[in-house]
Amino acid sequence: MTVDPGMRTVTTWYLEQTAPGDLREAPGPEPSAGVRIVRAQVPSAEFSRFLYASVGADVEWTDRLPWPGARWQEWLERPGVETWVAYERGTPAGFMELDGASPDTSARATRPGRAVEISYFGLLPAFRGRRIGAHLLGFGAARAWDMAERWPDREPTNRVWLHTCTKDGPHALRNYQRRGFRIFAKEVAQEPAAPAANASATPASAGQGPAPAAPLVPRPDRREPSQGSRPADM
Ligand SMILES: CC(C)(COP(=O)(O)OP(=O)(O)OC[C@H]1O[C@@H](n2cnc3c(N)ncnc32)[C@H](O)[C@@H]1OP(=O)(O)O)[C@@H](O)C(=O)NCCC(=O)NCCS
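Everything numeric in this text was worked out from a predicted model, so none of it was measured.

Analysis parameters
- Residues numbered from 1 in each chain as written.
- Predicted model: local features only at pLDDT ≥ 70, side-chain atom pairs only at ≥ 80, totals over all residues.
- Helix = DSSP H or I, 4+ residues; strand = E, 2+ residues; numbered from the N terminus.
- Buried ≥ 20, exposed ≤ 12 C-beta atoms within 10 Å, placed from the backbone.
- pLDDT = per-residue confidence, 0-100.
- Contact = placed C-beta atoms within 7 Å.
- Near = placed C-beta within 6 Å.
- Axes fitted to C-alpha atoms, helices over the stretch in contact; angles between N-to-C directions.
- Parallel < 35°, antiparallel > 145°, perpendicular 65-115°, else oblique.
- Nonpolar A, V, L, I, M, F, W, Y, C, P; charged D, E, K, R; others polar.
- Core = buried A, V, L, I, M, F, W, Y, C linked by C-beta atoms within 7 Å.
- Expected span 1.5 Å × (residues − 1).
- Pairing = 2+ DSSP bridges.

J.: Let's hear about the overall build of the protein: which residues, and what values?
T.: What the protein contains, in helices and strands, is 4 helices and 8 strands. Listed N to C, the secondary structure of the protein is β-β-α-α-β-β-β-α-β-α-β-β in terms of helices and strands. Here the protein, with 234 residues, has 32% of them falling under the buried criterion.

J.: Go over the confidence of the model for the protein with me, naming the residues and quoting the values.
T.: Across the protein, the average pLDDT comes to 85, with 82% of residues at or above 70. Per-residue pLDDT stays below 50 along residues 197–222; that stretch engages in 44 contacts with residues further than four places along the chain or on separate chains.

J.: Lay out the site of the ligand with the relevant residues and their values.
T.: Of all residues adjacent to the ligand, which total 21 residues, the nearest are Gly122, Arg128, Gly133, Ala134 and Gly169. Elements with a contribution of two residues or more to the shell around the ligand: strand S5 (114–123), helix H3 (132–145) and helix H4 (172–178). It is H4 that provides the largest number of residues to the shell around the ligand, a total of 4 residues.

J.: I'd like a description of the packing of helix H1 (residues 45–56) against helix H2 (residues 69–76), backed by residues and values.
T.: Contact geometry of H1 with H2 gives a least axis separation of 9 Å together with a crossing angle of 95°. Between H1 and H2, the interaxial angle falls into the category roughly perpendicular. Where H1 approaches H2, its residues Ala45, Ser48 and Arg49 are matched on the opposing element by Gly69, Trp72, Gln73 and Leu76. By residue class, the composition of the contact of H1 with H2 is 3 nonpolar, 3 polar and 1 charged.

J.: Talk me through the environment of Pro152; I want residue IDs and the actual numbers.
T.: Relative to the elements of secondary structure, Pro152 occurs in the loop between H3 and strand S6 (157–165). For the pair formed by Pro152 and Pro79, sequence separation is 73 residues and the distance between their alpha carbons is 9.6 Å.

J.: Explain the environment of Tyr120 to me, and be specific about the residues and the numbers.
T.: Considering the arrangement of structural elements, one finds Tyr120 in strand S5. Note: C-alpha distance between Tyr120 and Leu162 (42 residues apart in sequence) is 8.5 Å. Beyond its immediate sequence surroundings of up to four residues, Tyr120 is in contact with Tyr52 and Glu97.

J.: How would you explain the nonpolar core if you had to name every residue and give the values?
T.: Counting 35 residues, the largest nonpolar core has Leu15, Ala86, Ala93, Ile118, Ile132, Ala144 and Val160 as its most contacted members. Discounting chain neighbours no more than four positions away, the residues touching Ala93 are Val35, Ala86, Tyr87, Glu88, Leu123, Leu124, Phe127 and Ile132.

J.: Before we move on, could you go through H3 and cite the residues and values that matter?
T.: The end-to-end C-alpha distance of H3, which contains 14 residues, comes to 20 Å, matching closely the 20 Å that a straight helix rising 1.5 Å per residue would cover. Taking burial as the measure, the 14 residues of H3 include 11 buried ones, the bulk of the element.

J.: Tell me about the environment of Asp104, and name the residues and values.
T.: Structurally, Asp104 is set in the loop between strand S4 (91–99) and S5. Taking the C-alpha atoms as reference points, Asp104 and Arg159, 55 residues apart in sequence, are found 9.4 Å from one another. When residues no more than four places from it in sequence are discounted, the contact partners of Asp104 are Ala109, Ala115 and Arg159.

J.: So, the pairing of S4: which residues are in play, and what are the values?
T.: Here S4 lies mainly inside the structure; 7 of its 9 residues are buried. Linkage of strand S3 (residues 81–88) to S4, two consecutive antiparallel strands, is achieved through a turn of 2 residues, within which Arg89 is found at a positive phi near 45°. Two strands pair when backbone bridges link them, and S4 and S5 are joined in this way by 6 bridges, in the antiparallel orientation. Following the sheet pairing, Phe95 is matched in S5 by Gly122.

Structure representation (structure tokens):
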């Protein structure tokens, strides 16, 4: 078998919780670290773009880089979209974006209620490895489960899901599993090898599809496993 040096294998895992009792919250950083998690209640394209670009720069988050401000704003203003921000002594350390606005079109939407996707989650590099991520994931997943308490007429959450891949941080998958998320599908794909160091500043195509000519692999913005993906067996 020939190996194309211009390509790499990327594995994507899809994980979910199907009941609030699935969540295992984690011990967070010491209180003396001064970490607080606050919801950014005013939708702000600029602030969300800062969080997304700062957290995602070294893990190849590229799909939203070309979004103009108006598109960010429209995305954030949908009822059920929430941005939770972790601060360490007043400095933004990371965030979780919850998308409870998009319809759950997957075959897994079998029970009454609304699904919430953890659409983006992560820490700025300087804040990783000190229990902030475990704490923010546990806290944020709990907010996904009680989202109906904050939005009038919203049905209770019936499923919290996300996807992560080998391009994310080395401990991302384990963190999700340790907080009680279960893998329900896995995809393995060949993609162009890692982009050049400055590629994150290169706009990918507008919208959610892959950039046609750029050596970027935009993280899919909104998708459940494709029909060909395998049920998880790992
Ligand atoms: C993934 C990420 C959120 C983890 O946050 P963190 O603050 O660095 O990690 P923590 O110190 O809180 O540890 C959280 C969990 O990660 C795992 N982990 C962290 N460091 C680890 C290590 N050295 N070895 C093994 N597992 C480790 C553990 O499961 C740990 O929880 P546990 O001790 O209860 O099992 C963070 O590193 C990050 O933002 N990375 C880049 C962006 C990203 O990958 N986002 C998530 C995917 S979309």
